[in-house]
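Residue-level listing of the chains:
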Amino acid sequence: MSAEGISRFDLVIAGVGGQGAILASDIIGKAAVKENMPVRAAETHGMAQRGGSVVNHIRLDCELGSMIPVKGADVLLALEPSEALRYLEYLSDDGIIIVNTDPILPVTVTSGLCTYPDVEAIITKLGQNHVVKAFNATGLAKEAGHPQSMNVVMVGAVSNYLPIPVDTMLGCVRELVPPKTIDINIKAFELGRSQIQG
């Protein structure tokens, strides 16, 4: 799947509170607006501020509602591995999963009430019916200069599929991240983008 000649695009971003899913959505949404592309977005949060599940729907060049139907998304962008499983039903049969392999352990796991599933097992399950692009985006964010830029690493990765010019995306990164972190976030974007290319 490539962005050439396609403008209609449905993207689900899934993560947990504090990972920056909303900023990731804002960067993509603002870039679409700059390209005069109709964009609709919907955000649903559990206990986002407490590490709960967060999911954002972004619909580019879509005249319908803001919520992506089940099996409707072109790409599932998962900022956390178990969240990819949670929202897998939204991905189309030929959709692509981009997943950060670095897990965030919920309180139920850290307190010993539950165990977190094996990340390799999650990736294997995701790959049974879909193309999966899995890498440690948190590690790349640290390489860029700060672990909190992981969401921008993931935006860089998905930029390979979006029908939006990369320069427009980078411009929106510059506008939306804190001024002192622009260089880190540009590097994070480029590291993420290079994970998918080639």
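Each chain carries its own residue numbering, running from 1 in the written order of its sequence. Given that this is a predicted model, residues contribute local features only at a pLDDT of at least 70 and side-chain atom pairs are listed and counted only at 80 or more, while totals for whole chains, interfaces and linings are drawn from all residues. Only hydrogens and water are set aside; all other atoms, that is, all heavy atoms of the structure, feed into the side-chain values.

Asker: I would appreciate a short explanation of the overall build of the protein in the present structure.
Answerer: Within the protein one finds eight helices and six strands. Values of the radius of gyration come from C-alpha atoms, whereas the globule rule sets the reference at 2.2 Å times the count of residues to the power 0.38. Its C-alpha atoms give the protein a radius of gyration of 16 Å, within 12% of the compact-globule value 16 Å for 198 residues. Projecting the C-alpha coordinates of the protein onto the three principal axes gives extents of approximately 50 × 40 × 35 Å. Going through the 198 residues of the protein one by one, you find that 51% of them count as buried. The contact rule is simple, with two residues in contact once any of their heavy atoms fall within 4.5 Å. Taking as baseline every contact in the protein between residues at least 6 positions apart, the subset at least 24 positions apart corresponds to 63%. Surface summary for the protein: the accessible area is close to 9300 Å², and the carbon and sulfur share equals 53%. The sign given to each residue is positive for Lys and Arg and negative for Asp and Glu; His and the chain ends receive no count. Where a charge lies is defined by one atom per residue type: Lys uses NZ, Arg uses CZ, Asp uses CG and Glu uses CD. Positive and negative side-chain charges in the protein, numbering 15 and 21 respectively, have mean positions lying 4 Å apart. The way it works is that DSSP assigns letters per residue, a run of H or I at least four long becomes a helix, a run of E at least two long becomes a strand, and they are numbered from the N terminus. Burial classes follow relative accessibility: with a 1.4 Å probe on protein chains only, a residue under 20% of its type's maximum area counts as buried, one over 50% as exposed, and anything between as partly exposed. Each accessible area value is a Shrake-Rupley result obtained with a 1.4 Å probe; residue values ignore everything except the protein chains displayed when judging cover.

Asker: How do you make sense of the pairing of strand E3 (residues 53–60) when you look at a structure like this?
Answerer: Two faces make up the sheet, and in a regular strand the side chains alternate between them. Along E3, eight of the eight residues are buried, which leaves the element largely enclosed by surrounding structure. Neither face of E3 is open: one carries Ser-53, Val-55, His-57 and Arg-59, the other Val-54, Asn-56, Ile-58 and Leu-60, and all of them are buried.

Asker: Can you walk me through the pairing of strand E4 (residues 73–78) in this structure?
Answerer: Of all six residues in E4, six are buried; the element is thus mostly enclosed. Only strands that DSSP links by at least two bridges are regarded as paired with each other. Pairing between strand E1 (residues 9–16) and E4: four bridges, direction parallel. Bridge pairing in E4 links Ala-14 to Ala-78. After leaving E4, the chain enters helix H2 (residues 81–86) and then returns to the sheet as strand E5 (residues 91–100), a path that is right-handed. Whether a crossover is right-handed comes down to one check: with the strands pointing away from the viewer, does the path from the first strand over the helix to the second run clockwise; if it does, it is right-handed.

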